[in-house]
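Okay, here's what each chain looks like letter by letter:
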Amino acid sequence: MADLSDVSTSLALGLVAVTLSLFWLKRKNTSRDPPGPPVLIPGFGHLLQMSSQPVQQLRLLRQRYGDVFRLYMGSYPVVIVSGAEMIADVLQTRGAEFSHRPPSFLAETLANNKGLLNTSGSTWLEQRKTMIRTLKMQAATGGHLETYIGKAAQRLTTQFKSLVDSGQADMLDVAPFIKRAVFFVSFSLAFGRQLDFDSEFLISYANHYDHFFRCLNLAVLTAFMPWISWLPGDLVGYKKCKETAEIIVKNYVEPEIARLKSIVNNNNRDVKDSSTVAPFCLASVYIDEMRQKEREGTPTFLSDEHLPITISDVIAGSFDTMSSGLCWMLLYLIHYTDVQETCRREILDNDCDLDIAKYVYTQAVIMEVQRHANMAPMPPAHCCDKDTEIGGYFVPKNTAIIINTDSLLMGPEVGDDPTAFRPERFIDDEGKLHIPKWFIPFSAGKRMCIGMAVARKELLGFIIELLSKFQFSAPKVNGRECMPPLEGINGISHSPKPFHLCVTLAGQRK
Ligand code: HEM
């Protein structure tokens, strides 16, 4: 049973939050404040309104208030920025100014304000640069990324093949298989060792990340209403989320780091026996650089406290987005079977070669899926660390700024009928891949996704392997096609609702 003193403390804190928000709301709006709808329920702000169909809500609000408007998430003001011109101003023209993350209860309690995703300023920049440099080398031709993708994709196809052979692939939920394959790649990049695909360790590690994201979808409410976390019980899954984050770092990330440190510390890099040479990976490069800077006395923000969170941020940054991206891709391919066929033809014509430049059409399909499904309608918030203005409106320092990606991906710049699924919009008159300025599924500017090159190679690598071997179609129930809808769930990212599909060997559709 809940302790009464817990309840009264929570109520008292809740009251303080509501009073503070009333104070905020009573503040006279000056003409320089961004416009926005009135708040009906103090303490909640517009959260209830935004919780169902946020993209449609943002469209309506933009029509009414323009490209810069203000909402309240709980008691916190949030500025929503829409449209090509305003978004380019915030992310690119003044990208450095807006490269900060706003202070957040979740960043503080889940990540201790450490790592890469939630930090700002010089601390963030040094973590980011170290990760980008290493990822670039891994993703370059001849780097390890191709090997990891190749192995993961092959193992995924082996699993699908055995399911097809045993008659278990007529109505298959592919998501768990895809999550493990994606996790295999991220883990290998992070720690330089390739796990056994069916090992308990890999399955349990990937399940923990999966669980973390599922809890976070609702627990994110505590970022705006921290007092919910002080209530007895676990109303929004915040406690489960925190516990899972701690397990991930303690049981999985830290032991891998300790293993790599013992190799790097023993200075075994020159030893001929490859089992004692630190593999080239995100964690070992970080440790190396940190040690080197310590030795030279160079001031650095690379540290033993940041290291596990930075690595965990990179794995987390790739896990949810990549698995959701691949699931969306397969879902669209069963809706648009002619598109699936054209991709397969391109893949077979190129003998499944991994050279990304050879796949103009398949890349255009991946981009159109990213656009049409809009996997990140509300990407992580940015902020400015001093008072500023956007579009002529005053924005106090540390105010959360959210980029309305829907306003670009479904905006007038897209051209004819943005609601239509048409991969050709990414191919120019000369048959070359055309990446328009408005296409920013990985965001843009100083804070854009560090894994874009990895993601593009990885998505393509999996699709090449899968489409060359299998055909994907809607499952049948009592002989009738049962097409899963192109609908998503709004959480931290926009992922497809759980669905089943039918997998057959390529050329043998039922
Ligand atoms: C389809 C796949 C992916 C999509 C759509 C995606 C999208 C994004 C977006 C929208 C952001 C926020 C940028 C901002 O704050 O303005 C982001 C940040 C980030 N992404 Fe990705 N991402 C993908 C794959 C990856 C991969 C494969 C990795 C790692 C290898 C990765 C690592 C990160 C990290 C670490 C950040 C935080 C960057 C920072 O705060 O400086 N992402 N991503």
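The rules behind each value
Within each chain, residues carry numbers counting from 1 in the order of the written sequence. Since the coordinates come from a predicted model, pLDDT governs what is reported: local features require at least 70, and pairs of side-chain atoms require 80 or more to be given and counted, while whole-chain, interface and lining totals use all residues. Side-chain metrics in this entry use all non-hydrogen atoms of the structure; hydrogen atoms and water are not considered. Each helix is a run of DSSP H or I of at least 4 residues and each strand a run of E of at least 2, with the numbering of both proceeding from the N terminus. Taken over C-alpha atoms, the radius of gyration is set against a globule rule of 2.2 Å times the number of residues to the power 0.38. Exposed residues in this analysis have more than 50% of their type's maximum accessible area, buried residues have under 20%, and partly exposed residues fall in between, with area computed by a 1.4 Å probe over protein chains only. Contacts between residues were defined by any pair of non-hydrogen atoms, one from each residue, lying within 4.5 Å. Areas reported as accessible are Shrake-Rupley estimates using a 1.4 Å probe. Residue values count occlusion only from the protein chains shown. UniProt positions are given in the numbering used here, feature names are shortened, and annotations may be inferred rather than shown by experiment. For this description, a residue counts as near a given molecule or strand if any of its non-hydrogen atoms is within 4 Å of it. N or O atoms within 3.5 Å of each other form a polar contact, as long as, within protein, one can give a hydrogen and the other can take it, and as long as residues adjacent in sequence are counted only when both atoms are side-chain atoms. Only when DSSP finds a minimum of two bridges between them are two strands counted as paired. Fitting a line to C-alpha atoms yields each axis, with helices limited to the stretch in contact; the angle taken between N-to-C directions then spans 0 to 180 degrees. Only buried Ala, Val, Leu, Ile, Met, Phe, Trp, Tyr and Cys residues count toward a nonpolar core, and they belong to the same one when joined by side-chain atoms within 4.5 Å. When an angle is under 35 degrees it counts as roughly parallel; over 145 it counts as roughly antiparallel; between 65 and 115 it counts as roughly perpendicular; any other value is oblique. Crossing chirality is assigned from the near helix's rotation relative to the far helix, an anticlockwise turn below a right angle marking it left-handed and a clockwise turn marking it right-handed. We define a salt bridge as a side-chain nitrogen of Lys or Arg found within 4 Å of a carboxyl oxygen belonging to Asp or Glu. In this analysis, a patch consists of residues with relative accessible area above 30% that form no salt bridge, clustered at 9 Å for like charges and at 5 Å for the nonpolar side chains Val, Leu, Ile, Met, Phe, Trp and Tyr.

1. Here we look at the overall build of the chain
Of regular secondary structure, the chain possesses 17 helices and 11 strands. Its C-alpha atoms give the chain a radius of gyration of 24 Å, within 12% of the compact-globule value 24 Å for 510 residues. Its C-alpha atoms give the chain principal-axis dimensions of roughly 65 × 60 × 55 Å. Going through the 510 residues of the chain one by one, you find that 51% of them count as buried. For the chain, the proportion of contacts with a sequence separation of at least 24, taken over those separated by at least 6, is 72%. With an accessible surface of roughly 23,400 Å², the chain has 56% of that area assigned to carbon and sulfur atoms.

2. Some words on the UniProt feature "binding site: heme" (unreviewed entry) in the chain
UniProt feature "binding site: heme" (unreviewed entry): in the numbering of this structure it lies at Cys449. Considering the arrangement of structural elements, one finds Cys449 in the loop between helix H16 (406-409) and helix H17 (452-469). Overall, Cys449 belongs to the partly exposed group, its relative accessible area being 35%.

3. Description of the site of the ligand
Arg101, Arg128, His382, Ser443 and Cys449 are the nearest of the 22 residues found near the ligand. In the model, an oxygen atom of the ligand is placed 2.6 Å from a nitrogen or oxygen of the Ser443 side chain. When contributions to the shell around the ligand are tallied by element, the ones reaching two or more residues are helix H6 (121-139) and helix H13 (306-335). In terms of residues, the shell around the ligand owes the most to one element, H13, which gives 5 residues.

4. Considerations on the sheet that holds strand E5 (residues 400-403)
The strands making up a sheet are joined through hydrogen bonds of the backbone, oriented either antiparallel or parallel. Spatially, the 3 strands line up as an open sheet ordered E1-E2-E5, and their pairing is mixed. Of all the strands in the sheet, the pair left with one neighbour each is strand E1 (68-73) and E5. The sheet shows a mean angle of 30 degrees between the axes of neighbouring strands, direction not considered. Judged from the 6 bridges that link them, E1 and strand E2 (residues 76-81) form a sheet pairing that is antiparallel. Bridged to Met73 within E2 is Tyr76. This element, helix H3 (residues 54-65), spans E1 and E2 of the sheet and lies at about 130 degrees to E1. The strands touched by helix H4 (residues 84-93) are E1, E2 and E5; relative to E5, the strand with the most contacts, the crossing angle is about 125 degrees.

5. Quick notes on the environment of Val68
Inspection of the secondary structure puts Val68 in strand E1. Linking Val68 and Ile390, residues 322 residues apart in sequence, is a C-alpha distance of 7.3 Å. Contacts of Val68, omitting those with residues within four sequence positions, involve Pro34, Pro35, Val79, Ile80, Met86, Ile390 and Tyr393.

6. What to know about the nonpolar core
Ranked by internal contacts, the top residues of the largest apolar core, which has 119 residues, are Phe160, Phe183, Phe191, Tyr205, Tyr209 and Phe472. No other element matches the 16 residues that H13 contributes to this core. Each residue touching Tyr205, except ones within four places of it in the same chain, is listed here: Phe183, Phe187, Phe191, Ile248, Tyr252, Val253 and Ile315. If you look at the next biggest cluster of nonpolar residues, it comprises 23 residues, including Cys384, Leu408, Phe439 and Ala444.

7. With respect to the packing of helix H8 (residues 175-191) against H17
Put simply, H8 and H17 touch, their axes get as near as 12 Å, and they point 140 degrees apart. Classed by the angle they form, the pair H8 and H17 counts as oblique. At the point where H8 passes H17, the crossing takes the right-handed sense. Where H8 abuts H17, its residues Ala181, Val182, Val185 and Leu189 lie against Val454, Glu458 and Phe462.

8. Details of the pattern of salt bridges
Applying the stated criterion across every chain, the model contains 26 salt bridges. Across the salt bridge formed by Arg193 and Glu256, the nearest N and O atoms sit 2.7 Å from each other. Linking Arg193 in the loop between H8 and helix H9 (200-219) with Glu256 in helix H11 (residues 238-265), this pair joins segments that are 63 residues apart in sequence. The class for Arg193 is partly exposed, based on a relative accessible area of 30%. You can call Glu256 buried: its relative accessible area is 4%. In this structure, Arg214 and Asp210 form a salt bridge, with 3.5 Å as the shortest nitrogen-oxygen distance.

9. Things to note about the pairing of E2
For E2, the tally of buried residues reaches 5 of 6 residues, placing the bulk of the element in the interior. Hairpin connection from E1 to E2: 2 residues lie between these consecutive antiparallel strands, with Gly74 at a positive phi of about 60 degrees. Examined bridge by bridge, E2 and E5 share 4 bridges and lie parallel to one another. When the sheet's bridge partners are listed, Val81 is paired in E5 with Ile403.

10. Topic: the environment of Arg101
Tracing the backbone shows Arg101 in the loop between H4 and helix H5 (105-111). In the structure, Arg101 is positioned 63 residues away from Val164 in sequence and 46 Å away in space, judged by C-alpha atoms. Ignoring any residue separated from it by four or fewer positions in sequence, one finds Arg101 in contact with Leu117, Asn118, Thr119, Ser120, Pro380, Ala381, His382, Cys383 and Arg447. Within polar-contact distance, the side chain of Arg101 engages the backbone oxygen of Leu117 at 2.8 Å.

11. Things to note about a nonpolar patch on the surface
Taken together, Leu40, Ile41 and Leu48 make up a surface patch of nonpolar side chains, about 330 Å² in accessible area. Tracing the backbone through its elements, the reader meets Leu40 in the loop between helix H1 (4-26) and helix H2 (47-51). For Leu40, a relative accessible area of 76% corresponds to the exposed category.

12. Structural notes on the side chain of Gln127
Note on placement: Gln127 falls in helix H6. Contact partners of Gln127, with chain neighbours within four places excluded, come to Gly115, Leu116, Tyr286, Phe301, Leu302, His306 and Thr310.

13. Looking at unusual backbone geometry
Despite not being glycine, Asn112 shows a phi value in the positive range, around 55 degrees. When its relative accessible area of 53% is taken as the criterion, Asn112 is described as exposed. You will see that Asn398, though not glycine, has its phi angle at about 65 degrees, which is positive. Along the polypeptide, Asn398 turns up in the loop between strand E4 (393-395) and E5.

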